[in-house]
Amino acid sequence: MSLLGATEIRELAAKLELNPSKGLGQNFVIDGNVCQRIVRQVQITSEDVALEIGPGLGSLTLAILETGTPLIAIEIDDRLAKQLPITVEAHNPGADLIVINKDALVISELPRNPTVLVANLPYNVSVPVLLNLLERFPSLREGVVMVQAEVADRLAAKPGNKDYGVPSLKSAWWADLELAGNIARSIFWPVPNVDSKLVYFKRHSPLGDEDFRHKVFALIDAAFSQRRKMIRSAMSSVLGENSESIIKNAGIDPTLRGEALDISAYIAIAKQI
Ligand code: SAM
């Protein structure tokens, strides 16, 4: 059992005549130690089923499979999806891997219920992919994702922070998130022109049903579509002309801005609808 290094990544890319696509965020990790460090962020047990989005040439895939867990990997690029089982068989014969050649943005069902997410997410769709997975797969208990540094800061931001916004709040509906380390640009091929960070998440108990979530998310979208306005005005598109009194009834100051409220404040307001 061995992990992928820089030489093998380049050989695989040459074999596939792969010219890494910027649009698909194809920057491949060439350092197996970093992949093992990422996997160590989550507690994988013998009961788990891991999920990886965008396995690419398989660097992180091999580090996940090294733990002995079954893995479902979703890859949009058919050349990479076809090659992955061949690479895995060469490094870890008999590993329990299912590769699905699909867009992770639209995935709504899987052959097994995933419990742990480990992924170096495609950067241009990382937030919608993460939110889609948290929504569609309640079995996902925890995970670690590598994303662009600015996106990581937004996901993990708390109220009042300059990075706090829609991604922080919508992900907080599902889970508790925290920053889990920086990743050097030099461990990728090709080297990206952005920095990367890890975000760890753990799902918390549900805060409401789907109807109620839609109300909360509508309030979040309204508050941040007019970020500089007080919530009594910004939320009037959802709450109507009685916006101010509805917010007051929830025990929230209607002159605050959306960035001052945590998820429980949005929930309190939504309960008044
Ligand atoms: N996990 C690999 C690694 O760490 O070396 C590759 C990560 S690379 C940043 C992102 C991968 O996601 C690429 O393999 C790309 O083809 C794939 N990808 C891009 N958009 C996707 C989507 N919407 N659904 C599934 N995979 C996608």
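Residues numbered from 1 in each chain as written. Predicted model: local features only at pLDDT ≥ 70, side-chain atom pairs only at ≥ 80, totals over all residues. Heavy atoms only, no water.

Asker: So what's going on with the nonpolar core? Residues and values would help.
Answerer: Proteins that are soluble and globular tend to have nonpolar side chains buried together. Ranked by internal contacts, the top residues of the largest apolar core, which has 55 residues, are Ile53, Leu117, Val216, Met235, Tyr266 and Ile269. Excluding anything up to four places from it in sequence, Ile53 contacts Ile74, Ala104, Leu117, Val118, Ala119, Asn120, Leu121, Pro122, Val129 and Leu133. Ranked by size, the runner-up nonpolar core spans 39 residues in total, among them Leu4, Tyr123, Ala180 and Phe188. (Core = buried A, V, L, I, M, F, W, Y, C linked by side-chain atoms within 4.5 Å. Buried < 20%, exposed > 50% of the residue type's maximum accessible area, 1.4 Å probe, protein only. Contact = heavy atoms within 4.5 Å.)

Asker: A description of unusual backbone geometry should follow, citing residues and the corresponding values.
Answerer: Here Trp189 and Pro190 are connected by a cis peptide whose omega angle stands at -10°. Within the fold, Pro190 resides in the loop between strand 8 (188-189) and strand 9 (196-203). A positive phi angle, near 50°, is found at Glu17, a position not held by glycine. Here Glu17 is to be found in the loop between helix 1 (6-15) and strand 1 (28-29). (Helix = DSSP H or I, 4+ residues; strand = E, 2+ residues; numbered from the N terminus.)

Asker: Explain the pattern of salt bridges to me, and be specific about the residues and the numbers.
Answerer: Counted by the stated rule, this structure contains 13 salt bridges. Of the charged contacts in the structure, one is a salt bridge between Lys197 and Asp153, with a shortest N-O distance of 2.8 Å. Of this pair, Lys197 sits in strand 9 while Asp153 sits in helix 6 (residues 149-156), and the two are 44 residues apart along the sequence. The class of Asp153 is partly exposed, set by a relative accessible area of 21%. Between Glu210 and Arg213 there is a salt bridge, with the nearest N and O atoms lying 2.7 Å from each other. Taken together, the residues Glu210 and Arg213, both in helix 8 (residues 210-225) and 3 residues apart, mark about one turn of the helix. (Salt bridge = Lys/Arg side-chain N within 4 Å of Asp/Glu carboxyl O.)

Asker: Go over helix 12 (residues 263-270), please, and point to the residues and values.
Answerer: The buried count for helix 12 comes to 6 of 8 residues, which makes it a mostly enclosed element. Listed in full, the buried residues belonging to helix 12 are Ile263, Ala265, Tyr266, Ile267, Ile269 and Ala270. Among the structural elements, helix 7 (166-174), helix 8, helix 9 (231-234), helix 10 (236-239) and helix 11 (243-249) are those in contact with the buried residues of helix 12.

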